[in-house]
Protein chains: 2
Amino acid sequence: MSEHNAAIGIGELARRAGCKPETVRYYERVGLVDEAVRTEGGQRRYGEAAVRRLIFIRHARDFGFSVEAVRELLSMSDRPDMSCQEVDTIATHHLEEVESRLQRLEALRDELRRMVGQCAGGKVESCRIIEVLSDHQLCISEHDHGGASDLKHGPHS
Amino acid sequence: MSEHNAAIGIGELARRAGCKPETVRYYERVGLVDEAVRTEGGQRRYGEAAVRRLIFIRHARDFGFSVEAVRELLSMSDRPDMSCQEVDTIATHHLEEVESRLQRLEALRDELRRMVGQCAGGKVESCRIIEVLSDHQLCISEHDHGGASDLKHGPHS
DNA sequence: CTTGAACCTATAGTTGCTACAGGGTTTATG
DNA sequence: CATAAACCCTGTAGCAACTATAGGTTCAAG
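The structure presented is a predicted model; accordingly, all values stated were derived computationally and were not measured.

Here we look at the overall build of chain A
Along the backbone of chain A there are 6 helices and 2 strands. Reading the helices (α) and strands (β) of chain A from amino to carboxyl end gives α-α-β-β-α-α-α-α. The buried share among the 157 residues of chain A stands at 37%. Long-range pairs, those at least 24 residues apart, make up 49% of the contacts in chain A between residues at least 6 apart in sequence. For chain A, the accessible surface area stands at approximately 9000 Å², while carbon and sulfur atoms represent 46% of it.

Structural notes on the nonpolar core
Formed by 89 residues in total, the largest nonpolar core has its most connected members in A:Phe65, A:Val87, A:Leu133, B:Phe65 and B:Val87. Excluding residues within four positions of it along the chain, A:Phe65 makes contact with A:Ala60, A:Val70, A:Leu73, A:Ile90, A:Ala91, A:His94 and B:Leu112.

Points about the interface of chain A and chain B
Taken together, the contacts link 62 residues of chain A with 64 residues of chain B. Together, the buried faces of chain A and chain B total about 5700 Å²; carbon and sulfur atoms form 70% of this surface. Counting the surface chain A buries against chain B, the share from its top three residues, A:His59, A:Phe63 and A:Leu133, is 13%. Here B:Glu99 makes a salt bridge to A:Arg113, at a shortest N to O gap of 2.6 Å. Listed by contribution, the elements that provide at least two residues to the side of chain A that touches chain B are helix H3 (48–62), helix H4 (67–77), helix H5 (85–118) and helix H6 (128–134) of chain A.

Here's the deal with the relation of the copies chain A and chain B
Superposing chain A onto chain B takes a rotation of 179° plus a shift of 0.1 Å along the axis, which leaves an RMSD of 0.5 Å. Taken together, the rotation and translation relating the two chain copies correspond to the operation of a two-fold axis. Counting the interface residues of chain A, we find that 90% of their copies in chain B are interface residues as well, pointing to one common contact surface.

Concerning the protein's contact with DNA strand D
Every one of the 22 residues lining DNA strand D counts as a neighbour, but A:Arg25, A:Arg44, B:Thr23, B:Thr39 and B:Arg61 are closest to it. Considering the 4 Å shell around the protein, atoms of DNA strand D inside it are sugar or phosphate in 87% of instances. Take A:Arg44: an N or O atom from its side chain is 2.8 Å from a phosphate oxygen of DNA strand D. Backbone polar atom of B:Val67 to a phosphate oxygen of DNA strand D: 3.3 Å apart, as the coordinates give it. For the surface near DNA strand D, the elements supplying multiple residues, two or more each, are helix H1 (10–17) of chain A together with helix H2 (21–29) and helix H3 (48–62) of chain B. If you tally residues by element for the surface near DNA strand D, the top one is H2(B), at 4 residues. Its residues assigned to classes, the surface near DNA strand D shows 5 nonpolar, 9 polar and 8 charged.

A look at the packing of aromatic side chains
Residues and elements named next belong to chain A. As enumerated under the stated definition, the model contains 2 aromatic pairs over all chains in all. Here the aromatic rings of Tyr 26 and Tyr 27 are separated by 5.8 Å at their centres, their planes lie at 50°, and the arrangement is tilted. Owing to a relative accessible area of 2%, Tyr 27 belongs among the buried residues under this scheme.

Topic: the packing of H4(A) against H5(A)
Residue and element names in this part refer to chain A. Remark: H4 packs on H5, axes separated minimally by 10 Å, with the N-to-C direction vectors making an angle of 160°. Judged by the inter-axis angle, H4 sits roughly antiparallel to H5. For the element pair H4 and H5, the recorded crossing hand is left-handed. The residues of H5 that touch H4, namely those facing Ala 69, Glu 72, Leu 73 and Met 76, are Glu 86, Val 87 and Ile 90. Broken down by class, the residue content of the contact of H4 with H5 amounts to 5 nonpolar, no polar and 2 charged.

Re the environment of A:Arg58
All names here are of chain A. The residue Arg 58 is located in helix H3 in this model. For the pair Arg 58 and Gly 18, spaced 40 residues apart in the sequence, the C-alpha separation amounts to 7.7 Å. In terms of polar contacts, Arg 58 uses its side chain to reach the side chain of Tyr 27, at 2.6 Å.

Parameters at a glance
Residues numbered from 1 in each chain as written. Chains lettered and ligands numbered in written order. Predicted model: local features only at pLDDT ≥ 70, side-chain atom pairs only at ≥ 80, totals over all residues. Heavy atoms only, no water. Helix = DSSP H or I, 4+ residues; strand = E, 2+ residues; numbered from the N terminus. Buried < 20%, exposed > 50% of the residue type's maximum accessible area, 1.4 Å probe, protein only. Contact = heavy atoms within 4.5 Å. Areas by Shrake-Rupley, 256 points an atom, 1.4 Å probe, with all protein chains shown as cover. Core = buried A, V, L, I, M, F, W, Y, C linked by side-chain atoms within 4.5 Å. Buried area = accessible area lost by both parts, 1.4 Å probe. Salt bridge = Lys/Arg side-chain N within 4 Å of Asp/Glu carboxyl O. Least-squares fit on C-alpha atoms with pLDDT ≥ 70 in both. Near = heavy atom within 4 Å. Polar contact = N/O pair within 3.5 Å; in protein donor to acceptor, adjacent residues only side chain to side chain. Nonpolar A, V, L, I, M, F, W, Y, C, P; charged D, E, K, R; others polar. Phe/Tyr/Trp six-rings, centres within 6.5 Å; stacked < 30°, edge-to-face > 60°. Axes fitted to C-alpha atoms, helices over the stretch in contact; angles between N-to-C directions. Parallel < 35°, antiparallel > 145°, perpendicular 65-115°, else oblique. Left-handed = near helix turned anticlockwise from the far one by under 90°.

Dropping the structure here:
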């Protein structure tokens, strides 16, 4: 390994991983990235390892892994000798969650399509959308609110 | 009439709509449900109208409508004479978001399936999951996040 | 009248960032 | 060398949409 440490600032690091400096500082606070070396003036300086780690983190987050899951994945990838049984477990579990969310979203999409298709542009009193939302009978899924709705992290309207 | 109105407590109301009392109080704070009549001791009492309204809200939330969107839908359903053009607009917009979210989630599922399928249970150093998360080149789909988030990872140079 | 479940308010926590405010540092240029 | 622009710092507050806790009060049954 070359001792050649490019020593980039936090802005450059963030840019390379596709996030913002605030996000990097946030990851540092919660312990996903190590505390950086500082200049005399107190500014953070990073090397290539930090870039790779941050890219890993951003990818995992883009794949929908929670920060906690990323933390586990990271700690495992730091110990290359161990079996990747756990890695597989985490990813499989995550896959299951994604698949169940997909199913619900599909049902939701179908219902929305039906709603929108049936809105004839008349008066609200005969609007199917309002009707569907009001009427318990027309509910897509039975109310099993053991765990709350999974639709919560959506882009806001 | 006031004698006839079943006057239930907040717990019963919440149970009927499939949520928790805290959620109802939260909705009251943010103005989705009206302030309730109180007993002499200060406890909230509700009638059937509140039950219907809360069920409407919970359905809309289950459908993934944001609280802001629900607020609009509610204000429209309060005026049955108006055209449901706006209702349709909100629902259509929401449908588009759901569809775009579905697409991304499907791409994610495919990627996760491939990852999981390729984890042979060996050592972490040769684990495909870790590898995929580390290396952008191995990403098949360019998981392009629509307008939701701006500049994600550009080409690594 | 006593118990205990249900209720009250207020506040803080959750997740994963993002956006300031009000400074200090580094670097490029004149 | 001086200055200006670009960058960086900490700390705090905010976002959605609730959820949880603490510490106290009220209600309804027995």
